[in-house]
Amino acid sequence: MAVATPAGRSGIGVVRLSGAGAETIARTLVARDRPLQPRHATFVRIAACDQVVATFFPGPHSYTGEDVVEISAHGSPVILAGIVSAAMGGGARLAEPGEFTLRAFLNGRIDLPQAEAVADLIDAVTPLQARAAFDQLEGTLTDAIAGIDQTLFDLVARLEASVDFSEEGYHFIAPQELSGALGQLMTRISSLVADGRRGRLVREGLQLAIVGKPNVGKSSLFNALSGASRAIVTDVPGTTRDLITEVIDLQGLRVTLVDTAGLRPPADIVEAEGVARARRARDVADLVLVVVDGSAPLDAEDEEILDETVDVRRVVVSNKADLGDNGQAEFLRVSARTGDGLGALRAELMRALDVEARDDPPAITNLRHIALLERAYDSVSRARAAAGADGARLSEEFVLADLQEARAALEEISGRRTPDDVLAHIFARFCIGK
Ligand SMILES: Nc1nc2c(ncn2[C@@H]2O[C@H](COP(=O)(O)OP(=O)(O)OP(=O)(O)O)[C@@H](O)[C@H]2O)c(=O)[nH]1
Ligand SMILES: [Mg+2]
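What counts, and at which threshold
Residues numbered from 1 in each chain as written. Chains lettered and ligands numbered in written order. Predicted model: local features only at pLDDT ≥ 70, side-chain atom pairs only at ≥ 80, totals over all residues. Heavy atoms only, no water. Pairing = 2+ DSSP bridges. Helix = DSSP H or I, 4+ residues; strand = E, 2+ residues; numbered from the N terminus. Contact = heavy atoms within 4.5 Å. Axes fitted to C-alpha atoms, helices over the stretch in contact; angles between N-to-C directions. Near = heavy atom within 4 Å. Polar contact = N/O pair within 3.5 Å; in protein donor to acceptor, adjacent residues only side chain to side chain. Areas by Shrake-Rupley, 256 points an atom, 1.4 Å probe, with all protein chains shown as cover. Donors = N, O, S within 2.8 Å, 3.2 Å for Na, K, Ca; no water. Buried < 20%, exposed > 50% of the residue type's maximum accessible area, 1.4 Å probe, protein only.

I keep staring at the sheet that holds strand S1 (residues 2-3) and nothing clicks. Help me out?
Working definition: the strands of a sheet are paired by backbone hydrogen bonds and lie parallel or antiparallel to each other. As summarised here, the arrangement of the five strands in space is S1-S2-S5-S4-S3, forming an open sheet in which the pairing is antiparallel. Every other strand in the sheet has two partners, leaving S1 and strand S3 (42-46) as the edge strands with one partner each. One ladder, built from five bridges, connects strand S4 (residues 50-57) with strand S5 (residues 68-75); its direction is antiparallel. Bridge pairing links alanine 54 to isoleucine 71 in S5. Against the sheet, helix H2 (residues 77-89) makes contact with S1, strand S2 (10-18), S3, S4 and S5, and its axis sits at roughly 150 degrees relative to S5, the strand it touches most.

So this is what it looks like as structure tokens:
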């Protein structure tokens, strides 16, 4: 049992009970003799606490596959805590993070990619992230993998038969057919993996650090890109002293913008710490936006920052383009003040990240899945090399071993053969109540 809605005050708060005793415990809470009718929202009173709506979802047609009761109360932490402690008095225990979804997985309601999709859906910041997670929850990846596994299974069965009957000289699959089928499998797997880089960027998001010397307009650009005036902007050089972050949606990508202190020899220890943090943010960022003042000539400080970032993925902008042009033609000209050039800047950021701005959700977004699919690909490709070799019987056994490995990798994706520590790691990411 757990509170399934976020901590804090809200219109409604939901307590979810799952397991064989869920309905009985719920009934004692609401002092009701008659059973709760399945899938009916029932208006009931919880003694001296609240009026609630209780809904009973009998297993196996519930979120977890077990009996589930959801109690929707007024969203006050006091009331929800009262319901939780009353339920504990009735014999319920608090759920672990992700335990409801773990049970759904263990009860075969969903497979592992679908469970992972639930967490991704909850974490989604951009609509594209949400759609990619939703597709995965709907089973698109599950189906694609099942399709590949079905082909593998079929090949394995025929090869095994060939090995069993090899004395008699039977072959249930001709060498050419085998190597053709393996080639097709490789194409299917690699086209799935191909979308993986964009998919990972969509799912995981990335960090974009804005750096430059003081007063060039980093915070102004940060505010303009995030559409909020989060960072303080003044004409005093050294205004920003700490890292400020804001998550934005950059053409479907979840981008954490990081505004940093201007890089210069620091005047005091606070600024020194700010500059150190700015350097660290720059070093870990996926992309660096270097800002120079486009209305003044580059000086030694600008040159130093440009030198320091020459080897990283970066975009350089000349800000304050509205104040005049100092002829830095190689840099993109923008104005945080007027908004000129911001559209081009967004496009340039996408180009620097080397991801296509596309609306369709990527089929595969999760590094775990990508890595396992790559493993499956390697196994199939080894199988194909073995199938190409002469010496029928021996090569069939090699091919079989490789195909079994490929199947094992796919089963690890789906969760049928996933090590316990990996499972624990996956479900630890969830919030309590999901
Ligand atoms: N005209 C004009 N002024 C700008 C533009 N962008 C920023 N400014 C001004 O430049 C000054 C410095 O802007 P900030 O955004 O605080 O600069 P910063 O790089 O964050 O400065 P530090 O935090 O001190 O490193 C402010 O007075 C801004 O109003 C611009 O595009 N055009
Ligand atoms: Mg600033």
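When you look at the site of ligand 1 in this model, what are you seeing that I'm missing?
Close to ligand 1 lie 23 residues, the nearest being Lys218, Ser220, Gly238, Thr239 and Asp322. With respect to ligand 1, the backbone of glycine 262 contributes an N or O atom lying 3.4 Å from an oxygen atom. At a separation of 3.2 Å, an oxygen atom of ligand 1 approaches a polar side-chain atom of serine 335. For ligand 1, the protein covers 93% of the area, taking 650 Å² as the surface of the free molecule. Element by element, the count of residues in the shell around ligand 1 is highest for helix H9 (residues 218-226), at three residues.

Whenever I open this one, the coordination of the magnesium ion (ligand 2) confuses me. Can you help?
For a metal bound by four donors in tetrahedral geometry, the ideal donor-metal-donor angle is 109.5 degrees, whereas six donors in octahedral geometry ideally sit at 90 or 180 degrees. Those protein atoms acting as donors to the magnesium ion (ligand 2) are Ser219 (OG) and Thr240 (OG1), and they sit at 2.0 Å. You can see serine 219 sitting in helix H9 and its partner threonine 240 sitting in the loop between H9 and strand S7 (244-250), a full 21 residues away along the chain. Taken individually, serine 219 and threonine 240 each receive the classification buried, so the pair is uniform in this respect.

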